[in-house]
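Residues per chain are reported as follows:
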Amino acid sequence: TRKSRPQRLLKAVEGKATLGDPQSVITAIDHFCRHKEWAMNVGDEKGSILDSLVIELSPVNVLELGTYCGYSTVRIARLLPPGARFITLEFNPDYAAVARQVIGWAGLEDKVQLVEGASGDWIPRLREHFGVQMFDLVFLDHWKDQYLPDTKQLEECGLIQKGTVLLADNVICPGTPDYLKYVRNSPHYDSRYYRSHLEYTKVEDGLEKSVFLGF
Ligand SMILES: Cc1ccc(Cc2cc(O)c(O)c(C(=O)NC/C=C/[C@H]3O[C@@H](n4cnc5c(N)ncnc54)[C@H](O)[C@@H]3O)c2)cc1
Ligand SMILES: [Mg+2]
């Protein structure tokens, strides 16, 4: 059967990137998505905002919701300090399989734990299963209507504590109106919008950074 778009994206990485070189994997994916086939990676423009926030935060415990092909996983993992722990959740087995290979091609498999499953099932189990107490950074990039319920579940499980930074992709396009209203109106979050564009296009989109201030 015809290869899927993620499989074609992986072929582009294998054809163009240098094994063990994360930047070449990022460049190969961006080139593929800009010149061959668009794909819903955070992309180079929003990706550089993500990079600067990861560098500034230097997080020890990171959670990503929605691995897809692993593009943002590689962007984040390549900047993490030694000893950091990075868990990324992906419930589509085909996407997870591609992401494992993309992460492996970047040589970052030792920095990332890709968990195949749904965020709703796994969030309540992260503490006892991985021994993680709280997350310094959560990158939300999965189904847009899942951002709010998953954030509330992370709060309830005590995985969001004072200082935790939530970084949400696509708050304009496709948009996450209920999530945005929640973090912007809540007295427990200090929220800020980083204006950018939908990956590989001129359409407006952006990232929302929300710092949890404690209960
Ligand atoms: C109208 C319109 C359409 C598309 C766009 C363009 C556009 C631009 C973007 O940057 C986008 O992120 C998106 C977008 O829809 N992203 C959804 C991404 C899902 C991935 O996450 C996985 N997943 C979804 N729910 C869960 C879950 N609970 N637990 C674990 N994994 C989950 C899926 O298996 C996918 O791997 C779309 C713009 C406008
Ligand atoms: Mg996105």
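The structure presented is a predicted model; accordingly, all values stated were derived computationally and were not measured.

### Describing the overall build of the chain
Now for step 1: Along the chain, the regular secondary structure elements total 10 helices and 7 strands.
Now for step 2: By the compact-globule yardstick of 17 Å for 215 residues, the chain fits well, its C-alpha radius of gyration being 16 Å.
Now for step 3: Taking the principal axes of its C-alpha atoms as reference, the chain extends roughly 50 × 40 × 35 Å.
Now for step 4: In the chain, the proportion of contacts linking residues at least 24 apart, taken out of those at least 6 apart, comes to 72%.
Now for step 5: Surface exposure of the chain reaches about 9,700 Å², of which carbon and sulfur atoms provide 53%.
Now for step 6: Considering the chain, the positive charge centre built from 25 side chains and the negative charge centre built from 29 side chains are found 4 Å apart.

### Things to note about the pattern of salt bridges
Now for step 1: As enumerated under the stated definition, the model contains 13 salt bridges in all.
Now for step 2: For aspartate 205, the salt bridge is made with lysine 46, and the minimal N-O distance between the two is 2.7 Å. Linking aspartate 205 in strand β7 (residues 204-212) with lysine 46 in helix α3 (residues 43-57), this pair joins segments that are 159 residues apart in sequence.
Now for step 3: Given a relative accessible area of 0%, aspartate 205 falls into the buried group.
Now for step 4: Three or more residues are tied together by salt bridges with common partners; here these are Lys46, Asp169, Glu199 and Asp205.

### Regarding the site of ligand 1
Now for step 1: Around ligand 1 there are 22 residues in total, and Glu90, Asp141, Lys144, Asn170 and Glu199 lie nearest to it.
Now for step 2: Within the backbone of phenylalanine 91, one N or O atom sits 3.2 Å away from a nitrogen atom of ligand 1.
Now for step 3: Between asparagine 170 and ligand 1, the recorded distance is 2.6 Å, taken from a side-chain N or O atom to an oxygen atom.
Now for step 4: Broken down by secondary-structure element, the contributors of at least two residues to the shell around ligand 1 are β2 (85-90) and α9 (171-175).
Now for step 5: Classifying every residue of the shell around ligand 1 by side-chain character gives 11 nonpolar, 6 polar and 5 charged.

About the thresholds
Starting from 1, residues in each chain are numbered consecutively following that chain's sequence as written. Labels follow written order: the first chain is A, the first ligand is 1, and so on. The model is predicted, so local features are restricted to residues of pLDDT at least 70 and side-chain atom pairs to those at 80 or more, both for listing and for counting; the totals for chains, interfaces and linings are taken over all residues. Here the side-chain values reflect all heavy atoms present in the structure, with hydrogen atoms and water set aside. Here a helix means four or more residues in a row that DSSP labels H or I, a strand means two or more in a row labelled E, and each is numbered from the N terminus. Two things to know: the radius of gyration comes from C-alpha atoms, and the globule rule equals 2.2 Å times the number of residues to the power 0.38. Contacts: residue pairs with any heavy atoms within 4.5 Å of one another. The accessible surface values rely on the Shrake-Rupley method and a 1.4 Å probe; as for residues, cover is taken only from the protein chains in view. When charges are counted, neither His nor the chain ends are considered; positive counts come from Lys and Arg and negative counts from Asp and Glu. Charge coordinates come from a single atom per side chain, which is NZ of Lys, CZ of Arg, CG of Asp or CD of Glu. Here, a salt bridge means any Lys or Arg side-chain nitrogen found within 4 Å of an Asp or Glu carboxyl oxygen. Buried, partly exposed and exposed residues are distinguished by accessible area as a fraction of the type maximum, computed with a 1.4 Å probe on protein chains only: under 20%, between the cut-offs, and over 50%, respectively. Near, as used in this document, describes a residue that has one of its heavy atoms within 4 Å of the molecule or strand being considered. Pairing of N or O atoms within 3.5 Å defines a polar contact, subject to two protein rules: one partner must be a possible hydrogen donor and the other a possible acceptor, and residues neighboring in sequence count only if both atoms are side-chain atoms. Residue polarity follows a fixed list, in which Ala, Val, Leu, Ile, Met, Phe, Trp, Tyr, Cys and Pro are nonpolar, Asp, Glu, Lys and Arg are charged, and the others, Gly among them, are polar.

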